[in-house]
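Now for the letters of each chain:
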Amino acid sequence: MHKQERIMSGMRPTGKLHLGHYMGVLKNWLSFQDDYECFFAIADWHALTTKFDDTAGMKQNIIDVALDWLACGINPEKSVIYLQSFIPETAELHLLLSMITPQNWVERDTTLKDMVKMLRGNIEETEGAQAYSGLVSYGLLGYPVLQTADIIQFNASLVPVGKDQLAHLEISRDIVRRFNHLYKTALIKEPQPKLTETPLLKGIDGQKMGKSYNNDIKISDSEEITTKKIMQAITDRSRIKKTDPGHPELCEVVCPYYEIFADEETVKKQRYNCENAVWGCAECKRELASIINSQFGEIRQKRLELEKTPDYVREIIKSGSERARIKSAEFLREIKNSMNLY
Ligand code: TRP
Ligand code: SF4
């Protein structure tokens, strides 16, 4: 089958991925691989927009993201897996786009505002308000412009992203329209978000799952660690003794996890066993852990195998980046032609 539409998406390399990434992003990506031409970027420059002062783990983080992707089934023979900073053309395109992007467009980007707010919150907590001003860099302001360069260098038409990223993509479309209008061309496609309803996976404490909140379960966690983390999950707080009947609707983490990871029949059994005090919470959680462990067993095994061959993983990133770079350079040439540049 000829894959007509092109999909582009990326992730910032900030560490090992968690089950929320798998359920919310990677599962989608896996489903696109056969029907679309896919480009998946490990966006290390985007990571630098906020982590420029903490780059010690960068190389390892990049490998970890690649390992997680490959273990989960992102297939380098079907999709292009590449490292953003291996394509200098993206930076050149970013520069060109920055010339035509009005300052107030980036300033009103709500996704960016949220990032700045989070940054400010973290800093004020630790070092006081003064320290914050130097942390919102020129580069961070360009975040959506750089992301636009990521997308349009392949002239991708679809961008699978979460709702939190929609404001960035809105700017991408505005920039594309402005480019096409200014240079009287229809060269660049307006990228559309590809939204998919995915269940939101909470952290084991009931808050948003995230590395920085220390409440996540990694794709690469061992069975023991996964079980240990699930045993710590919050449950129906009114259930004190094992003989107290439980209330699944008050059990904010374990219950939704069952709905996401277990089949219908198991969910029914779990609810019955909770409501009728057949199961204590420990039993209920142990069962959940075993369901999750069996679902991720193969992926984890594959990741352990891949970890033994880092050169192979680097080679995949390198050859994917070479493929991506050729496409990017071709399109940059057309962009420059449209702008009457040499
Ligand atoms: N900003 C995205 C995120 O934080 C990552 C990203 C970088 C991206 N470049 C992209 C997503 C291009 C889609 C398209 O999740
Ligand atoms: Fe939650 Fe399971 Fe305990 Fe019921 S038995 S409260 S569903 S952990």
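Residues numbered from 1 in each chain as written. Chains lettered and ligands numbered in written order. Predicted model: local features only at pLDDT ≥ 70, side-chain atom pairs only at ≥ 80, totals over all residues. Heavy atoms only, no water.

### Brief notes about the site of ligand 1
- Within the structure, ligand 1 sits among 13 residues, and Arg12, Tyr143, Gln147, Asp150 and Gln165 are positioned closest to it.
- Interatomic distance of 2.8 Å between a side-chain N/O atom of Asp150 and a nitrogen atom of ligand 1.
- Taking Gln165, its side chain carries an N or O atom lying 3.0 Å from a nitrogen atom of ligand 1.
- Protein contacts shield 91% of the accessible area of ligand 1, which totals 370 Å² for the unbound molecule.
- For the shell around ligand 1, the elements supplying multiple residues, two or more each, are strand 1 (6-11) and helix 8 (143-152).
- In terms of residues, the shell around ligand 1 owes the most to one element, helix 8, which gives four residues.
- Among the residues forming the shell around ligand 1, the class breakdown is six nonpolar, five polar and two charged. (Near = heavy atom within 4 Å. Polar contact = N/O pair within 3.5 Å; in protein donor to acceptor, adjacent residues only side chain to side chain. Areas by Shrake-Rupley, 256 points an atom, 1.4 Å probe, with all protein chains shown as cover. Helix = DSSP H or I, 4+ residues; strand = E, 2+ residues; numbered from the N terminus. Nonpolar A, V, L, I, M, F, W, Y, C, P; charged D, E, K, R; others polar.)

### Concerning the site of ligand 2
- The environment of ligand 2 is made up of Thr235, Asp236, Arg239, Cys251, Val254, Gln270, Cys274, Cys281 and Cys284.
- At a threshold of 2 Å from the grid points, most atoms of ligand 2 map onto the largest cavity.
- Elements represented by at least two residues in the shell around ligand 2 include exactly helix 12 (264-275) and helix 13 (281-307).
- Looking at the shell around ligand 2, its residues break down into five nonpolar, two polar and two charged. (1 Å grid on protein atoms, 1.4 Å probe; cavity = no way out; pocket = protein on both sides within 12 Å on 5 of 7 lines; lining within 4 Å. Sits in = over half its atoms within 2 Å of the grid points.)

### A word on the packing of helix 4 (residues 88-100) against helix 8
- It is the contact of helix 4 with helix 8, at a shortest axis distance of 8 Å, that shows an interaxial angle of 120°. Overall, the two elements helix 4 and helix 8 adopt an arrangement that is oblique. Between helix 4 and helix 8 the crossing geometry is right-handed. Facing helix 4, whose interface residues are Thr90, Leu93, His94, Leu97 and Ser98, helix 8 presents Val145, Leu146, Thr148, Ala149, Asp150 and Ile152. (Axes fitted to C-alpha atoms, helices over the stretch in contact; angles between N-to-C directions. Parallel < 35°, antiparallel > 145°, perpendicular 65-115°, else oblique. Left-handed = near helix turned anticlockwise from the far one by under 90°. Contact = heavy atoms within 4.5 Å.)

### Re the packing of aromatic side chains
- Per the counting criterion, the structure on display carries ten aromatic pairs.
- With a centroid separation of 6.3 Å and 70° between ring planes, the pair formed by Phe261 and Phe296 is classed as edge-to-face. Taken together, the residues Phe261 in helix 11 (residues 254-261) and Phe296 in helix 13 connect sequence positions 35 residues apart. Here the two residues Phe261 and Phe296 agree in accessibility, since each one is buried.
- Aromatic rings pair up to connect Tyr22, Tyr257, Phe261 and Phe296 into one cluster.
- Cation over ring: Arg178 sits above Trp105, and NZ or CZ is 5.7 Å from the ring centre. (Phe/Tyr/Trp six-rings, centres within 6.5 Å; stacked < 30°, edge-to-face > 60°. Buried < 20%, exposed > 50% of the residue type's maximum accessible area, 1.4 Å probe, protein only. Lys NZ or Arg CZ within 6 Å of the ring centre and 35° of its normal.)

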